[in-house]
Amino acid sequence: MRFLGGFLCAALALAECNPAKADSTVDYRVGTGWTSNIFLDPTDLAAAFSEAKLSLRGSLALEDSHLAYALSTSVRRVPKYRFADQRTAGLELGYSYDLDKTIKLTLKGGLEHRRTGDIFLALPGALIGYRRDDVFATAAAGITVDRWGGRNHLTATLSNLNRGKAHFTLAGLRPTQLEAGYALFDLTGGHIRPLLGGEVGATVQYRASRIDGEERKLYERLPAETLRGSLAYGRAYGNGITLLAEAGAVGVASPYLGKTVEQVRPFLKGELTWQLPKGTVLKAKLARDIQLTDIDDSLGEDVRTVGFSLEKAITEKLKLVLAYEQAYSDWLYYDYRTRTKSIAATLTYTLPKGATVALEYSHLARRENDKAADFKVNGLAARFAGSF
């Protein structure tokens with residue numbers, strides 16, 4: 001925990017030196033728990049863990065501009081499998097400038113260091129693990145123009161994940177890179193305007209993933225492009241219902257895509273919130289899109305997600321949240337499918353000054369074409385969180 005202590009000292013020093021310290025906030029969270037499957041795979045290895053997260057966020061208002069920043073760090077310790085310990089540290093900066101009364105320029109950037117661990121090989125009576133350091137960087141520039149009866153926006157984002165070498169727990173194995181990194185370019189533009197008591201919008205998005213030529217062959221990770229067009233409508237109704245619905249089509253292209261693969265697919269995004277009497281909130285969501293990052297396939301995945309949640313205020317300070325989510329993923333390069341179901345129940349008690357204590361139970365089940373890859377996870381966790 002010395003790493004967190006050093007970060008806390010730096011965060012407090014920065015908050016004290018900030019001329020707009022009233023806009024600075026320190027968020028913290030500590031917790032402990034147990035999971036039946038710490039590695040989320042068919043090995044089904046149970047373990048206890050402890051975790052902590054600390055972040056500092058703030059802003060500084062300048063003449064005709066605004067500067068925002070956020071620093072964060074987190075750790076997770078797994079005493080039974082120390083190579084599975086996790087640590088992250090990140091910095092985000094944002095700057096916005098009013099070019100005139102109707103035009104705003106926005107610049108954002110971020111850098112995060114991630115240290116993670118996993119299983120390399122599980123044998124009867126022997127377990128070989130590894131640790132790895134990755135670096136994720138992102139930069140974005142956008143412009144917003146309030147003209148032509150609404151708001152027009154255009155944003156370009158470039159992100160890059162640099163994979164580090166794996167350092168194994170077995171002496172004699174040399175450090176080796178196990179996965180490919182990637183670069184992702186995202187260009188999104190759209191128009192939003194009032195309509196029928198709500199807002200209607202049109203969006204066009206282009207995304208392209210790039211993989212280094214050598215890493216394509218070594219790790220079977222392939223580039224792809226997507227182009228999406230969609231229409232959206234959102235409105236808050238007087239009976240406590242808030243609706244956001246977006247629909248369109250998304251196309252995918254790649255020289256490595258099979259000829260029989262469907263290249264144009266539906267795009268969906270829907271969110272519904274219903275404020276019921278006696279402190280009850282019902283939420284539902286529906287989504288479908290093609291993902292090019294954080295995937296198991298070599299090229300991309302068509303992911304469909306459905307989720308529901310129920311929030312109930314049992315007392316003024318005690319709240320219960322029940323959540324269910326189901327995700328289907330169709331791989332684009334390989335003829336393969338996965339299905340993931342998860343449920344969670346969280347009981348949260350609010351302490352004086354806004355701090356909270358939460359107890360959570362979670363269950364996850366993953367099903368794949370290859371039955372040997374199926375696994376389940378059950379977990380319990382207790383967390384304490386707050387801000388100052």
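Because the structure is a prediction, the values reported are computed rather than measured.

Q: Tell me about the overall build of the protein chain, and name the residues and values.
A: The number of helices and strands found in the protein chain is 2 helices and 19 strands. Taking 388 residues into account, the globule formula puts the C-alpha radius of gyration at 21 Å, and the protein chain, at 23 Å, falls close to it. Pairs at least 24 residues apart make up 53% of the contacts formed inside the protein chain by residues separated by at least 6 positions. As presented, the protein chain carries roughly 22,200 Å² of accessible surface, and 60% of it is formed by carbon and sulfur atoms. The average position of the 50 basic charges and that of the 43 acidic charges among the side chains of the protein chain differ by 4 Å.

Q: How would you sum up the packing of aromatic side chains? Please name residues and give values.
A: Taken as a whole and assessed by the stated rule, the structure comprises 10 aromatic pairs. Residues Tyr-28 and Phe-388 carry aromatic rings whose centres are separated by 6.1 Å and whose planes lie at 40° to one another, so their mutual orientation is tilted. With Tyr-28 in strand β1 (residues 25–35) and Phe-388 in the segment after β19 (375–387), this residue pair connects regions lying 360 residues apart in the sequence. Assessed through its relative accessible area of 24%, Tyr-28 is described here as partly exposed. Both rings, one in Trp-331 and one in Tyr-336, keep their centres 4.6 Å apart while their planes meet at 50°; by these two values the pair is tilted. An identical accessibility class is assigned to Trp-331 and Tyr-336; each is buried. Each member of the aromatic cluster is reached from another via a ring pair, and the members are Tyr-28, Phe-384 and Phe-388.

Q: Which residues make up the pattern of salt bridges, and what values do they have?
A: As enumerated under the stated definition, the model contains 22 salt bridges in all. Linking Arg-115 and Asp-133 is a salt bridge whose minimum nitrogen-to-oxygen distance equals 2.8 Å. Of the two residues, Arg-115 is situated in strand β5 (residues 103–123) and Asp-133 in strand β6 (residues 126–147); the sequence distance between them amounts to 18 residues. A residue is classified by how much of its surface remains accessible, and Arg-115, at 35% relative accessible area, is partly exposed. Overall, the relative accessible area of 26% leaves Asp-133 in the partly exposed class. Glu-368 is the salt-bridge partner of Arg-366, the closest N and O atoms lying 2.9 Å from each other.

Q: Kindly report on the environment of Pro-223, identifying the contributing residues and their values.
A: Position of Pro-223 relative to the elements: it lies in the loop between α2 (213–219) and β11 (224–236). Not counting chain neighbours up to four residues away, the residues in contact with Pro-223 comprise Ser-209, Arg-210, Ile-211, Arg-216, Ser-254, Tyr-256 and Leu-299.

Q: Can you lay out the side chain of Arg-221 for me, pointing to particular residues and giving the numbers?
A: By the element assignment, Arg-221 lies in the loop between α2 and β11. Within the buried core, Arg-221 has no salt-bridge partner, and the shortest N-O distance to an opposite charge, that of Glu-179, equals 7.2 Å. Here the side chain of Arg-221 touches Ser-298 through a polar contact of 3.3 Å, landing on its backbone oxygen. Beyond its immediate stretch of four places on either side in the chain, Arg-221 contacts Ala-180, Tyr-182, Ile-211, Glu-215, Arg-216, Leu-292, Thr-293, Ile-295, Ser-298 and Leu-299.

Q: Can you break down the environment of Thr-144 residue by residue, with the values?
A: Among the secondary structure elements, Thr-144 is positioned in strand β6. The class for Thr-144 is partly exposed, based on a relative accessible area of 21%. A sequence separation of 10 residues divides Thr-144 from Leu-154, and the C-alpha atoms of the two residues are 6.7 Å apart. Sequence-distant contacts of Thr-144, that is, excluding residues within four places in its chain, are made with Thr-102, Ile-103, Lys-104, Arg-151, Asn-152 and His-153.

Q: Lay out the pairing of β19 with the relevant residues and their values.
A: Across 9 bridges, the pairing between β1 and β19 is antiparallel. For Asp-27, the partnering residue across the bridge sits in β19 and is Ser-387. As judged from the 11 bridges shared by strand β18 (residues 356–368) and β19, these two strands associate in the antiparallel manner. Residue pairing across strands places Tyr-361 opposite Leu-380, the latter belonging to β19. The hairpin turn running from β18 into β19, its antiparallel successor, is 6 residues long.

Q: How would you sum up the nonpolar core? Please name residues and give values.
A: In terms of nonpolar packing, the biggest core is built from 17 residues, with Tyr-182, Val-252, Leu-257, Ile-290, Leu-292, Leu-299 and Leu-332 touching the most fellow members. Those elements that place two or more of their residues in this core are β9 (182–195) and β12 (241–253). The residues contacting Leu-299, other than those within four sequence positions of it, are Arg-221, Leu-222, Pro-223, Ala-224, Ser-254, Tyr-256, Leu-257, Leu-292, Leu-332 and Tyr-333.

Reading the values: rules and limits
Residues numbered from 1 in each chain as written. Predicted model: local features only at pLDDT ≥ 70, side-chain atom pairs only at ≥ 80, totals over all residues. Heavy atoms only, no water. Helix = DSSP H or I, 4+ residues; strand = E, 2+ residues; numbered from the N terminus. Rg over C-alpha atoms; globule rule 2.2 N^0.38 Å. Contact = heavy atoms within 4.5 Å. Areas by Shrake-Rupley, 256 points an atom, 1.4 Å probe, with all protein chains shown as cover. Lys, Arg positive; Asp, Glu negative; His and termini not counted. Charge placed at Lys NZ, Arg CZ, Asp CG, Glu CD. Phe/Tyr/Trp six-rings, centres within 6.5 Å; stacked < 30°, edge-to-face > 60°. Buried < 20%, exposed > 50% of the residue type's maximum accessible area, 1.4 Å probe, protein only. Salt bridge = Lys/Arg side-chain N within 4 Å of Asp/Glu carboxyl O. Polar contact = N/O pair within 3.5 Å; in protein donor to acceptor, adjacent residues only side chain to side chain. Pairing = 2+ DSSP bridges. Core = buried A, V, L, I, M, F, W, Y, C linked by side-chain atoms within 4.5 Å.

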